[in-house]
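Structural description and commentary
Here are the chains, one letter per residue:
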Amino acid sequence: MMHMTLYWGTQVTVLFSSWKTDSWPSYALTLLACFLFSVFYQNMEERRLRVKTLASTAAEPSSPAAATPLLFKFGRGRSRWGNPCRIAESVLFGVNSAIGYLLMLAIMSFNGGVLVAIVLGLSVGYYLFRSGGREEVVVEVENSCACS
């Protein structure tokens, strides 16, 4: 039976019809899996942001003339499509999107324990991987016009 409101109980179906719990040990393992999957999501998000930072620092032009689009020569250097950092960033974005949607669908089982396990996992993962210990990213805006 699919619940349409938040409920607390050990009988839950998560993501697949074959992933059902019917006892405390199976329910506890399910909550642990949801918790670890959430922590892993935050870890992968940190890796994606790190690759994105590396890609943006590697792509910075060395001179102002190189930043001008009209002076771009097609035969020189790597194109934006062949940049390995951008490819890695795109793959990590896809993996993170899939994990995020799976976590959302797990929460949509409407089980209170699954909800709490995922929120705690996201919080612990954020604390471990994405908070503190790193310089803050400063965004410099050259033109404050929103249309440019």
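Keep in mind that what you see is a predicted model, and the values were worked out from it rather than measured. (Residues numbered from 1 in each chain as written. Predicted model: local features only at pLDDT ≥ 70, side-chain atom pairs only at ≥ 80, totals over all residues. Heavy atoms only, no water.)

1. Re the nonpolar core
For clarity, the cut-off: Here, the term nonpolar core denotes a set of buried Ala, Val, Leu, Ile, Met, Phe, Trp, Tyr and Cys residues that are joined through side-chain atoms within 4.5 Å. In this scheme, a residue with accessible area under 20% of its type's maximum is buried, one over 50% is exposed, and one in between is partly exposed, where area comes from a 1.4 Å probe on protein chains only. Per the convention used, a helix needs a DSSP run of H or I reaching at least four residues, while a strand needs a run of E reaching at least two, with both numbered from the N terminus. For this analysis, residues touch if any pair of their heavy atoms sits within 4.5 Å.
Tyr7, Val12, Val14, Tyr27, Cys34, Ile99, Leu103, Ala106, Val114, Ala117 and Ile118 form the largest nonpolar core, which has 11 residues in total. Only α1 (24-58), α2 (84-107) and α3 (112-130) provide two or more residues apiece to this core. Among residues more than four places away in sequence, those in contact with Val14 are Trp19, Thr30, Ala106 and Val114.

2. Some words on α3
Defined as follows: One fewer than the residue count of a helix, multiplied by 1.5 Å, yields its expected span. Polar contacts, as used here, are pairs of N or O atoms within 3.5 Å; protein pairs need one atom able to donate a hydrogen and one able to accept it. Residues neighboring in sequence count only if both atoms are side-chain atoms.
In this model α3 runs 26 Å from its N-terminal to its C-terminal C-alpha over 19 residues, within 8% of the 27 Å that 1.5 Å per residue would give. Taken together, the buried positions of α3 are occupied by Gly112, Gly113, Val114, Ala117, Ile118, Gly121 and Gly125. At the N-terminal boundary of α3, the capping side chain belongs to Asn111, with an oxygen 2.9 Å from the backbone nitrogen of Gly113. Two residues or fewer past α3, Gly132 is found with a positive phi of approximately 60°.

3. A short note on the environment of Cys34
In this fold, Cys34 is placed in helix α1. Looking at Cys34, the relative accessible area reads 5%, which means it is buried. Here the alpha-carbon distance between Cys34 and Gly121, two residues 87 residues apart in the chain, equals 7.5 Å. If we ignore the near neighbours within four places in the chain, the residues touching Cys34 are Leu103, Val114, Ala117 and Ile118.

4. Quick look at the confidence of the model for the chain
Worth spelling out the cut-off: Per-residue confidence from the predictor is given as pLDDT, running between 0 and 100.
Mean pLDDT for the chain: 81, with 72% of residues reaching 70 or above. In this model residues 71-77 is a low-confidence stretch, pLDDT under 50, and it forms one contact with partners more than four residues away in sequence or in other chains.

5. Things to note about unusual backbone geometry
Its identity as a non-glycine residue notwithstanding, Leu15 has a phi of 65°, on the positive side. As for its placement among the helices and strands, Leu15 is situated in the segment before α1. Despite not being glycine, Phe110 shows a phi value in the positive range, around 65°. Summarising the element assignment, Phe110 is placed in the loop between α2 and α3. Given a relative accessible area of 26%, Phe110 falls into the partly exposed group.

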